[in-house]
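A look at the structure
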6 protein chains.
Amino acid sequence: MTSDPFFHPVSGFELPRFAGVPSFMRLPVVQPDHDRFGDVNVGILGVPWDSGTTNRPGPRHGPRQLRDASTMIRAQHPVSGLRPFEVLNVADLGDVGPNPADIMDSMDRITAFYGGLVAQGITPLTAGGDHLTSLPILRALAKDGPLGMVHFDSHTDLYHSYFGGTMYTHGTPFRRAVEEGLLDPKRVVMIGIRGTMYDTEDRDFAKSVGIRVIPIEEFHDRGPADVMAEACEIAGTGKTYVSYDIDFVDPTFAPGTGTPEVGGPNSYQALQVVRMLEGVNIVGADLVEVSPPFDTSGGTAFLGVSIMFELLCKIVEARR
Amino acid sequence: MTSDPFFHPVSGFELPRFAGVPSFMRLPVVQPDHDRFGDVNVGILGVPWDSGTTNRPGPRHGPRQLRDASTMIRAQHPVSGLRPFEVLNVADLGDVGPNPADIMDSMDRITAFYGGLVAQGITPLTAGGDHLTSLPILRALAKDGPLGMVHFDSHTDLYHSYFGGTMYTHGTPFRRAVEEGLLDPKRVVMIGIRGTMYDTEDRDFAKSVGIRVIPIEEFHDRGPADVMAEACEIAGTGKTYVSYDIDFVDPTFAPGTGTPEVGGPNSYQALQVVRMLEGVNIVGADLVEVSPPFDTSGGTAFLGVSIMFELLCKIVEARR
Amino acid sequence: MTSDPFFHPVSGFELPRFAGVPSFMRLPVVQPDHDRFGDVNVGILGVPWDSGTTNRPGPRHGPRQLRDASTMIRAQHPVSGLRPFEVLNVADLGDVGPNPADIMDSMDRITAFYGGLVAQGITPLTAGGDHLTSLPILRALAKDGPLGMVHFDSHTDLYHSYFGGTMYTHGTPFRRAVEEGLLDPKRVVMIGIRGTMYDTEDRDFAKSVGIRVIPIEEFHDRGPADVMAEACEIAGTGKTYVSYDIDFVDPTFAPGTGTPEVGGPNSYQALQVVRMLEGVNIVGADLVEVSPPFDTSGGTAFLGVSIMFELLCKIVEARR
Amino acid sequence: MTSDPFFHPVSGFELPRFAGVPSFMRLPVVQPDHDRFGDVNVGILGVPWDSGTTNRPGPRHGPRQLRDASTMIRAQHPVSGLRPFEVLNVADLGDVGPNPADIMDSMDRITAFYGGLVAQGITPLTAGGDHLTSLPILRALAKDGPLGMVHFDSHTDLYHSYFGGTMYTHGTPFRRAVEEGLLDPKRVVMIGIRGTMYDTEDRDFAKSVGIRVIPIEEFHDRGPADVMAEACEIAGTGKTYVSYDIDFVDPTFAPGTGTPEVGGPNSYQALQVVRMLEGVNIVGADLVEVSPPFDTSGGTAFLGVSIMFELLCKIVEARR
Amino acid sequence: MTSDPFFHPVSGFELPRFAGVPSFMRLPVVQPDHDRFGDVNVGILGVPWDSGTTNRPGPRHGPRQLRDASTMIRAQHPVSGLRPFEVLNVADLGDVGPNPADIMDSMDRITAFYGGLVAQGITPLTAGGDHLTSLPILRALAKDGPLGMVHFDSHTDLYHSYFGGTMYTHGTPFRRAVEEGLLDPKRVVMIGIRGTMYDTEDRDFAKSVGIRVIPIEEFHDRGPADVMAEACEIAGTGKTYVSYDIDFVDPTFAPGTGTPEVGGPNSYQALQVVRMLEGVNIVGADLVEVSPPFDTSGGTAFLGVSIMFELLCKIVEARR
Amino acid sequence: MTSDPFFHPVSGFELPRFAGVPSFMRLPVVQPDHDRFGDVNVGILGVPWDSGTTNRPGPRHGPRQLRDASTMIRAQHPVSGLRPFEVLNVADLGDVGPNPADIMDSMDRITAFYGGLVAQGITPLTAGGDHLTSLPILRALAKDGPLGMVHFDSHTDLYHSYFGGTMYTHGTPFRRAVEEGLLDPKRVVMIGIRGTMYDTEDRDFAKSVGIRVIPIEEFHDRGPADVMAEACEIAGTGKTYVSYDIDFVDPTFAPGTGTPEVGGPNSYQALQVVRMLEGVNIVGADLVEVSPPFDTSGGTAFLGVSIMFELLCKIVEARR
């Protein structure tokens, strides 16, 4: 399978990387009203939305900063040699416009937009946004039945509610997703969980429905290869979503996020875990919780897009 | 009238200003369940809430940063010589707890809290929060009839709605307040308005109800003294609220805010306009839109508490 | 004259200002190969280039940061009421690709690109880049004869050479432009000049060819209105270029630049001087020397695009 | 043993973590004149003092920043499951007020304050301050005989004097403590020592009195578990103080400190070493040298309070 | 009078300003043991010391940052045309080494060093250091009788003591100087005083001894020219010291300082007041309280050296 | 071999480390016209030049920031115990003055300066500058035949050209060096290579001439000891240059650089690899690509000088 040259990104050998309007990975911007929209195979898009944040806001600014940093990404994977943009038609689909003052309206807008992608057969790679973003996406992607999920994070995001009954925050998306039948809990694995806890309500729920939670201590003890082999086995061969919260990574490597937890993986491991997603049938992926106001040096965004490139290569491998 | 020594702030001659738990102006923290709550005359409190923000969030972190900066404030006004903490009982009332994921719930919580202050005869000086904060406060303070208002800002905050019909954002509070009968538009003056405009809908509304809008060009041409004399006349002798959006000040002097507009007053004028509130019957005041994530040097917070000290002195002068 | 709706920018009432791929003022991106290129009247474009910098580099990153900040600009001028995007077809033309390691090659590329704009009748509004950028632009715009120039800056940029004979740096562009017959020195005025000096070679040259230099002391003494009236008279009714170096503004208001000089105009005056360009026949304008690495709070970029909006309105007024 | 609910911290499920006056871990502030002071078991307190700093000052601002960051700490330990605030009465005791312009006076004030804690049976967990802070604390805690010490640091702090005979700086506290009989050198272990050296005077002294110094190369070679087993053995079962200089951690993970040394432990190991303090009879602990002016992203403070939570859990385990 | 070419600074036309070991204004470093020390007329030197700071430390890092920024200073004054380095022999004398852990020892070291300059007939221009620095300097310079002083500041620094009797802090130097007979209070003027006050003890003392205090309100009302004419008259023709605390300037223009006060002069006025020192017999000057840790953009240091260049020109004018 | 005390650095026990004009490691500044120049054995010098940068500029500011950070370096190596300044005469040679607007002129200046060092028998330890800096240095050092090279980097810098034929950029120096016969490719090893790739042109070239490229995956798998043993073997006993690009280190540990690549070595390994250069005949070394504008906390510079101290010790070991 070979991509259409229209979808090839601009090279830094031609136009310096600091030049040009910054689209994701210097790809063409192809929004739904564009005449090439129908030719897109994989769409990279932003959901600039953080209304679900319970602590420090900022991820609404994530997509723009990630686009900027993504102009540093080149055409070829350094280990596998894959040149993803030459295999499939990849485009920047722009951002889904949220309503920052209305959570329910925003979720509806997101689900509707992703429904359109599903209808076109476009695999979405999303730049969040806070982690509540994953819920309306899953509502669109799981139309035909529950998905498996590989979830990198320092939190389970499985709480029931906050602040006396509020059901939709970035601490609750996967509780809702399980309740709504969007995820098959037996095919869900959560990796990197750590940090001081309110209580064990989230983990008790995980246990009760069969979600596998791998705390950071186990990750460090067993090492990425062993853990990821188990994760791939859990996900199995069914349709699987990959959700990557940047706070999975140690906050020194990724300070630009709202709910950091000390003691996570380093930046090399941050890439390794994606590279080790062998044989997973990925139907969508996201990278969420990048918060530019707390990213003093811009390093979080660059790590974020480096992870997104890894996710893209896995999507391309799965689809080609 | 002389205050109770319990309510005197800690002096920097005794405890260095960098030491101690940071309460507003180093006052005692007296929350509603404290046994001295009934003795408070003026309460300084925070509303850490920014769910109404349409652009860059952050004011939810304002009260904490303002408390920190306020430890630099000393006991005496440099021009009038007033020592406000020795005239009335002033206390830090803590923060009103919002629900960051539910605007309506948050507004109800705020109105209820301020209702309690009104019941106790406590005059509130509020540290926001975004500008939507003023609406639920006005709902509590205007129980007995519409108030006048002196409003410092670069925006009118008089828009009807955003994002296809959303009525409650930081761009709409005073439209709602007029509609709800909380403000008497004939006694409302808005000073410092500037910046590129969407359209003239807000100003058309102002004109139609009789709100006086003084754009920044007029402010710079006439000078603070002339403008403020008119403002005091508009407010008259009736009950008046003072709402001070930090983006009234030029963004170079106050970068820590979400919707800056170039070309505003300098820091000296920022204090002058409050000092010139002669004879205004102030029943409450707020300083809103201080956004720590964008306040790289901390100067916005220090300017903010300097303005709050000026507002406090005016409240004390009005009440004693 | 009324613009084509295709060229209307996205409104912040529809899509929040933090969302979307950031083009200049949220305009459509119309590069030379775009099918609507022929319909553009005014083009906003970037020249991300700083190879002429003798001190602190960074302006190569200017266009991208200015695009980001420009998403805060709305549709209407607050004083004149002009809605420029509804009068003429304005578009983001993208960036001219420089060769960061070859000054001569870069100048040729820039002159060629602007030659194409001239051929299409597009008036360019440029975001630099360091001040050497103006030279290759003038080479294209002054094809038919020397131009007048209104030049806002703290430096004359009239030096002969640097470092033992280097003729092309950001300290020499207008010396070259006069020598090459691109500028009519009798119709050139330089406003805001200040700072410690190497010597008087640049000012001696100005005097010898008839360029009017207005130092900052004179600017502060006479005030903007008087100075700008003289400036408009000097420029006269002939074709005139406006070159605005952000270091014209005091470095506290515009820290993001490489060669700051203390004691300049404030941000209000920074806008005023453009508003006072009455009756000038503007055939092109630039805003140069914005250097993101030194713009710790982003305020320089926002001031920069606020100035660009003022320049745009003057271009539209001159052309309609 | 179960704690009094008065001493339970505020939960982030109730009041968002950015709200409220920031006390340590959201505990009640109970200063010596408070009527519940006598019920405190473990006191967390600040010593905002850096007069002993020989290089870059700043730790005087440490306690306030640590309190702010500590509002992110929740109620339960993620590995042991311990809920320390429900076992013992833990409170924020406020700050000890130093005299920033008089070292001797400050040391006397600190020793006096801690003497009061000892008299009340309160175990202190201190947020410094520079490392000289530990000396006046040890003077109070070692009233009944020398203590053992587990010391995490990149420096021994065992020098004799600085600047021609100055005996009290942050490079000398433990030399003084040994000389004054406050520490039993045979029960002292220093872990993580590294960085270029003036000379070997400090290590020669350590050797001569029997202090065990474990340089970072040995730490990395043997690993945390092996090193900490030896450390626990050295401390033995006698009363032991734990002194944790944040510069023990690699400066990339903890940039906010005055005397960084390259090549230290990562953030996971920073927590691990405390978790491995098995069976140590801890009578007090400190976390020192956090310097907010050099902590550009705030990550050092958050790592610092994460370490303090680990220390607190060990104190609670030792005392219950 | 013409200077020796040995003392001419390096030009930015030869060596780019970012290159080279940064000495003050790119002058030769001539310490007391240098064989050209005896030829120096004016010495620029640093006192990296902040042990007298009662609030936020940092000025110990001032001299180094000021040297760095001073490489932007060129050879000629833009208004007077003076080329100071060609009139007198000016050199960088290095720093006076303080003892950061001993105030009395440090003051003795400073006085001894300046005594050596007086003995050589060198006029000192000092970069502090906090304001206590001025006291040991005055002890050396006022050997033959009390001096007059022009003092730019937002504080009087005339307090008796801090923290229960501590006599030597940066809030007390001029109280001590008057008491010790180093200053003639009738010839002392303090300009720019402002900010909230502890009490009026300092101003009462000023009044009692005849020091003229000009608060900022008077400065803004009368304007720099009128105020400075009075200041020059007060200083008269006797030997006079000029002490310039950077916090005289508004903190937006000079954020890098420890005790900011809102509402001061802007950067143009910051230079103007020095330019207006007509006919003052300056025997020494300092620029103090520049605190790099709080100078996020480096602008304070650049403003500081711009002021130092103005002071230097006045010293040269007075001496030639 | 024992050094002359003239060349001993100032101790932090005498003069605090924040005091004094900052030379490299507080050594005497001995430029070519200094009368002790002939006695220097090892010269530390800066090349403040970044005209070869294709992406983000800044390394021209490297030498100054590295000098500042280097005042934290002490006299003795913590592992080997070597006191390098007491073995050989080490001096700060100042900076080579580049022409920032002319690449060819700058390369000639650099080669000429280093030719002078070679003539004097001075071994150079260089602080860059971007990586193109190494080419003109090699032209001077390889006068008598090609050198071996140990090259730490995340990029090979072996590309043929950029931007349509530009031969001299920081991505091409070693391609040129091989072509010019300055390097013996069989004795060249490149360690740490990683990041997304344009294509494989550089690696194909490496293979074709016999350069050994060790990608980061191999580095992490085999560990530093094994990799460095191979590297030493490749370099052999012939004259060898060591070129250390700071972007070899993971960008979290070294954010201050222009072309970061995620997933590199940590700071401990950054030192280890130099310590493991056993028996290499080092005739010169450099540390390049430190870019202060992107080094928000200053940590990159401190890591950089820590690496330079390690390189210095290896040079001294090789020469004594």
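Residues numbered from 1 in each chain as written. Chains lettered and ligands numbered in written order. Predicted model: local features only at pLDDT ≥ 70, side-chain atom pairs only at ≥ 80, totals over all residues. Heavy atoms only, no water.

1. Overview of the overall build of chain A
Within chain A, the secondary structure is distributed over nine helices and eight strands. Here chain A has a C-alpha radius of gyration of 18 Å; the compact-globule value for 320 residues is 20 Å, and the two agree. With 320 residues in all, chain A has 71% of them scored as buried. With the model as given, the accessible surface of chain A reaches about 8700 Å², and the carbon-plus-sulfur share is 50%. A gap of 3 Å separates the mean positions of the 26 positive and 40 negative side-chain charges of chain A. (Helix = DSSP H or I, 4+ residues; strand = E, 2+ residues; numbered from the N terminus. Rg over C-alpha atoms; globule rule 2.2 N^0.38 Å. Buried < 20%, exposed > 50% of the residue type's maximum accessible area, 1.4 Å probe, protein only. Areas by Shrake-Rupley, 256 points an atom, 1.4 Å probe, with all protein chains shown as cover. Lys, Arg positive; Asp, Glu negative; His and termini not counted. Charge placed at Lys NZ, Arg CZ, Asp CG, Glu CD.)

2. Brief notes about the interface of chain E and chain C
Across the contact, 28 residues belong to chain E and 29 residues belong to chain C. Note on chain E versus chain C: buried area summed over both sides is about 2500 Å², and carbon and sulfur give 61% of it. Considering only the side of chain E, the residues that lose the most area to chain C are E:Phe13, E:Arg74 and E:Tyr268, jointly responsible for 34% of the buried surface there. Applying the counting criterion to the chain E and chain C interface returns two salt bridges. When the shortest N-O distance is used, the salt bridge between C:Glu217 and E:Arg275 registers 3.4 Å. One can count ten residue pairs in polar contact (both at pLDDT 80 or more) joining chain E with chain C. Going through the elements one at a time, helix 8 (267–275) and helix 9 (299–319) of chain E are the ones with two or more residues in the side of chain E that touches chain C. (Contact = heavy atoms within 4.5 Å. Buried area = accessible area lost by both parts, 1.4 Å probe. Salt bridge = Lys/Arg side-chain N within 4 Å of Asp/Glu carboxyl O. Polar contact = N/O pair within 3.5 Å; in protein donor to acceptor, adjacent residues only side chain to side chain.)

3. Examining the environment of C:Arg36
Residues and elements named next belong to chain C. Assignment of secondary structure puts Arg36 in the segment before strand 1 (42–46). Sequence-wise, Arg36 and Phe6 are 30 residues apart; in three dimensions their C-alpha atoms are separated by 9.1 Å. Look past the residues within four positions of Arg36 in its chain and what remains in contact with it is Asp4, Phe6, Phe7 and Val30.

4. Points about the relation of the copies chain A and chain D
Of the transformation placing chain A onto chain D, the axial shift is 0.0 Å and the rotation is 120°, giving an RMSD of 0.0 Å. Given the turn and translation reported, the copies of this chain are related as if by a three-fold rotation axis. Here only 10% of the contact residues of chain A are again contact residues in chain D; the copies associate through non-equivalent surfaces. (Least-squares fit on C-alpha atoms with pLDDT ≥ 70 in both.)

5. Focus: the packing of helix 8 (residues 267–275) of chain B against helix 9 (residues 299–319) of chain B
Residue and element names in this part refer to chain B. At a minimum axis distance of 9 Å, the contact between helix 8 and helix 9 shows a crossing angle of 15°. Considered as vectors, helix 8 and helix 9 are oriented roughly parallel to each other. Remark: the crossing between helix 8 and helix 9 carries right-handed chirality. In contact with Ser267, Ala270, Leu271, Val274 and Arg275 of helix 8, helix 9 contributes Leu303, Ser306, Ile307, Glu310, Leu311 and Lys314. Tallied by class, the residues present in the contact of helix 8 with helix 9 amount to six nonpolar, two polar and three charged. (Axes fitted to C-alpha atoms, helices over the stretch in contact; angles between N-to-C directions. Parallel < 35°, antiparallel > 145°, perpendicular 65-115°, else oblique. Left-handed = near helix turned anticlockwise from the far one by under 90°. Nonpolar A, V, L, I, M, F, W, Y, C, P; charged D, E, K, R; others polar.)

6. Details of the pairing of strand 2 (residues 90–95) of chain E
All names here are of chain E. Burial analysis of strand 2 places six of its six residues in the buried class, the great majority of the element. Pairing of strand 1 (residues 42–46) with strand 2 involves four bridges; the strand directions are parallel. Considered in strand 2, the bridge of Val42 is made with Val90. Between strand 1 and its parallel partner strand 2, the chain crosses via helix 1 (residues 62–70), and the hand of that crossover is right-handed. (Pairing = 2+ DSSP bridges. Right-handed = clockwise from strand over helix to strand, strands pointing away.)

7. A few points about the interface of chain A and chain D
At the interface, 29 residues of chain A touch 28 residues of chain D. Of all residues in chain A, A:Thr196, A:Tyr198 and A:Val262 bury the most surface against chain D, accounting for 31% of the area lost on that side. Joining chain A to chain D, the criterion identifies two salt bridges. Close ionic contact of D:Arg74 with A:Glu261 constitutes a salt bridge, the shortest N to O distance being 2.9 Å.

8. What to know about the sheet that holds strand 2 of chain E
All names here are of chain E. Reading across the sheet, the eight strands line up as 2-1-3-8-7-4-5-6 and stay open at both edges, with parallel pairing between neighbours. The open sheet terminates on both sides in strands that have one partner only, identified here as strand 2 and strand 6 (212–215). Strand-to-strand twist across the sheet, computed as the mean angle between neighbouring axes with direction ignored, equals 15°. Of the pairings in the sheet, the one linking strand 4 (residues 147–152) to strand 7 (residues 239–245) comprises five bridges and is parallel in character.

9. Notes on the sheet that holds strand 8 (residues 281–288) of chain D
Residue and element names in this part refer to chain D. Ordered by their spatial adjacency, eight strands build an open sheet running 2-1-3-8-7-4-5-6, and the pairing between neighbours is parallel. Edge positions in the open sheet fall to strand 2 (90–95) and strand 6 (212–215), since each of these has one partner strand only. Between one strand and the next, the sheet's axes are offset by a mean angle of 15°, whatever the strand orientation. Alignment of strand 4 (residues 147–152) against strand 5 (residues 183–193), held across five bridges, turns out to be parallel. Opposite His151, over in strand 5, you have Met190 as the bridge partner. Against the sheet, helix 1 (residues 62–70) touches strand 1 (42–46), strand 2, strand 3 (123–127) and strand 8, its axis set at about 145° to strand 2.

10. Observations concerning unusual backbone geometry
Outside of glycine, negative phi angles account for most residues, and trans bonds account for most peptide bonds. Residues and elements named next belong to chain B. The peptide bond linking Gly128 to Gly129 adopts the cis configuration, its omega dihedral lying at 10°. Looking at the secondary structure, you find Gly129 in the loop between strand 3 (123–127) and helix 3 (134–141). Despite not being glycine, Met25 shows a phi value in the positive range, around 55°. Tracing the backbone shows Met25 in the segment before strand 1 (42–46).

11. Quick notes on the arrangement of the chains
The two units chain A and chain E never meet; even their closest C-alpha atoms stay 12 Å apart. No part of chain B reaches chain F; the closest C-alpha pair between them is 12 Å apart.

12. Quick notes on helix 5 (residues 201–209) of chain B
All names here are of chain B. Here helix 5 has its buried residues at Asp202, Arg203, Phe205, Ala206 and Val209. The buried residues of helix 5 occupy an angular sector of 155° when projected down its axis, which confines them to one face. What points out from helix 5, more than 90 degrees from its buried face, is the exposed set Lys207 and Ser208. Tucked into the core, helix 5 has its buried residues touching helix 4 (173–179), strand 5 (183–193) and strand 6 (212–215). One or two steps after helix 5, the chain reaches Gly210, where phi turns positive at roughly 95°. (Arc of directions from axis to C-beta.)

13. Regarding the packing of helix 2 (residues 103–120) of chain C against helix 3 (residues 134–141) of chain C
All names here are of chain C. The N-to-C vectors of helix 2 and helix 3 enclose an angle of 40°; their axes lie 8 Å apart at closest approach. When the interaxial angle is binned, helix 2 and helix 3 end up oblique. Like other packed secondary-structure pairs, helix 2 and helix 3 cross with a definite hand, here right-handed. Where helix 2 approaches helix 3, its residues Met107, Ile110, Thr111, Tyr114, Gly115 and Val118 are matched on the opposing element by Leu135, Pro136, Ile137, Arg139, Ala140 and Leu141.

14. Topic: the UniProt feature "binding site: Mn(2+)" (unreviewed entry) in chain A
Residue and element names in this part refer to chain A. Per the UniProt record, "binding site: Mn(2+)" (unreviewed entry) is annotated on His131, Asp153, His155, Asp157, Asp245 and Asp247. These annotated residues cover 117 residues of sequence, but their C-alpha atoms sit close together, with the largest distance between any two at 12.0 Å. Positionally, His131 belongs in the loop between strand 3 (123–127) and helix 3 (134–141). What His131 contacts, discounting residues up to four positions off in sequence, is His151, Asp153, Asp157, His170, Pro173, Phe174, Ser243, Asp245, Asp286, Val288 and Glu289. Here His155 shows up in the loop between strand 4 (147–152) and helix 4 (173–179). Residue class for His155 comes out buried when judged on its relative accessible area of 16%. (UniProt positions renumbered as here; feature names shortened; annotations may be inferred.)

15. Describing the packing of aromatic side chains
Taken as a whole and assessed by the stated rule, the structure comprises 84 aromatic pairs over all chains. Arranged with centres 6.3 Å apart and planes meeting at 65°, the rings of A:Phe113 and A:Tyr114 form a pair that is edge-to-face. With a centroid separation of 5.0 Å and 40° between ring planes, the pair formed by E:Phe152 and E:Tyr244 is classed as tilted. Residue E:Phe152 is found in strand 4, and its partner E:Tyr244 is found in strand 7; the two are separated by 92 residues along the sequence. You can call E:Phe152 buried: its relative accessible area is 0%. Following the ring pairs from residue to residue traces out a cluster consisting of A:Phe13, F:Tyr159, F:Tyr162, F:Phe163 and F:Tyr198. (Phe/Tyr/Trp six-rings, centres within 6.5 Å; stacked < 30°, edge-to-face > 60°.)

16. Concerning the environment of A:Ser208
Residues and elements named next belong to chain A. When you line up the elements, Ser208 lands in helix 5 (residues 201–209). The sequence separation of Ser208 and Pro185 amounts to 23 residues, and the corresponding C-alpha distance is 9.6 Å. A polar atom in the side chain of Ser208 sits 2.7 Å from the backbone oxygen of Phe205.

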